[in-house]
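# Inside the fold
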Amino acid sequence: MAYSSAPNYTYGKSIDDNSGLNYAGAGGYQGAQNSLDLNLERGLSDFDIRQVFSMNFAWQIPLGQSVLLRGWQLAGSGTAYTGQPFTPQLSGPSADLGEATRPDRIASGTVPNPTVNDWF
């Protein structure tokens, strides 16, 4: 009976100041909060995935001495990874007159009794 596997783990971090501006990510914010100071846009990239674990395996199945069943293998692969960052946005009508469409945090940012719908 033979078994082989190849696990891989990757840790990375991507920071930039315009993946959302040119819509390079997946659904991020695509406008600058202050077009006069683009340094304020620096943060995690829309496509940043911090941790990735992948593996593949092959297992020689012990099915006996039958000519028809000899030599079969079970093989597979899988990947697990952390999610992409997201940017909270204000909803509702906007005339887009240079006003911020991302919320400003002026409090501690905690909720006394967090729930699935109310957690930050």
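Here's a quick rundown of the structure. (Residues numbered from 1 in each chain as written. Predicted model: local features only at pLDDT ≥ 70, side-chain atom pairs only at ≥ 80, totals over all residues. Heavy atoms only, no water.)

Residues Leu-63, Leu-68, Leu-69 and Trp-72 make up a contiguous nonpolar surface patch of roughly 440 Å² in combined accessible area. With respect to the element layout, Leu-63 can be found in the loop between β4 (51-60) and β5 (73-81). Of the residues examined, Leu-63 reaches a relative accessible area of 38% and is grouped as partly exposed. (Patch = residues over 30% accessible without salt bridge, like charges linked within 9 Å, V, L, I, M, F, W, Y side chains within 5 Å. Areas by Shrake-Rupley, 256 points an atom, 1.4 Å probe, with all protein chains shown as cover. Salt bridge = Lys/Arg side-chain N within 4 Å of Asp/Glu carboxyl O. Helix = DSSP H or I, 4+ residues; strand = E, 2+ residues; numbered from the N terminus. Buried < 20%, exposed > 50% of the residue type's maximum accessible area, 1.4 Å probe, protein only.)

This paragraph deals with the environment of Gln-73. Its location among the elements puts Gln-73 in strand β5. Along the chain, Gln-73 and Ile-61 lie 12 residues apart, while their C-alpha atoms are 5.3 Å from each other. Aside from chain neighbours lying at most four places away, what touches Gln-73 is Ala-58, Trp-59, Gln-60 and Ile-61. A distance of 3.4 Å separates a polar atom in the side chain of Gln-73 from a polar atom in the side chain of Gln-60. (Contact = heavy atoms within 4.5 Å. Polar contact = N/O pair within 3.5 Å; in protein donor to acceptor, adjacent residues only side chain to side chain.)

Bringing the sheet that holds β5 into the picture now. Pairing between the strands of a sheet comes from backbone hydrogen bonds, and it takes one of two forms, parallel or antiparallel. The 3 strands are arranged β1-β4-β5 in an open sheet whose pairing can be described as antiparallel. Where the open sheet ends on each side, the last strands, each with one partner, are β1 (3-11) and β5. Each adjacent strand pair in this sheet contributes to an overall mean axis angle of 5 degrees, direction not counted. (Pairing = 2+ DSSP bridges. Axes fitted to C-alpha atoms, helices over the stretch in contact; angles between N-to-C directions.)

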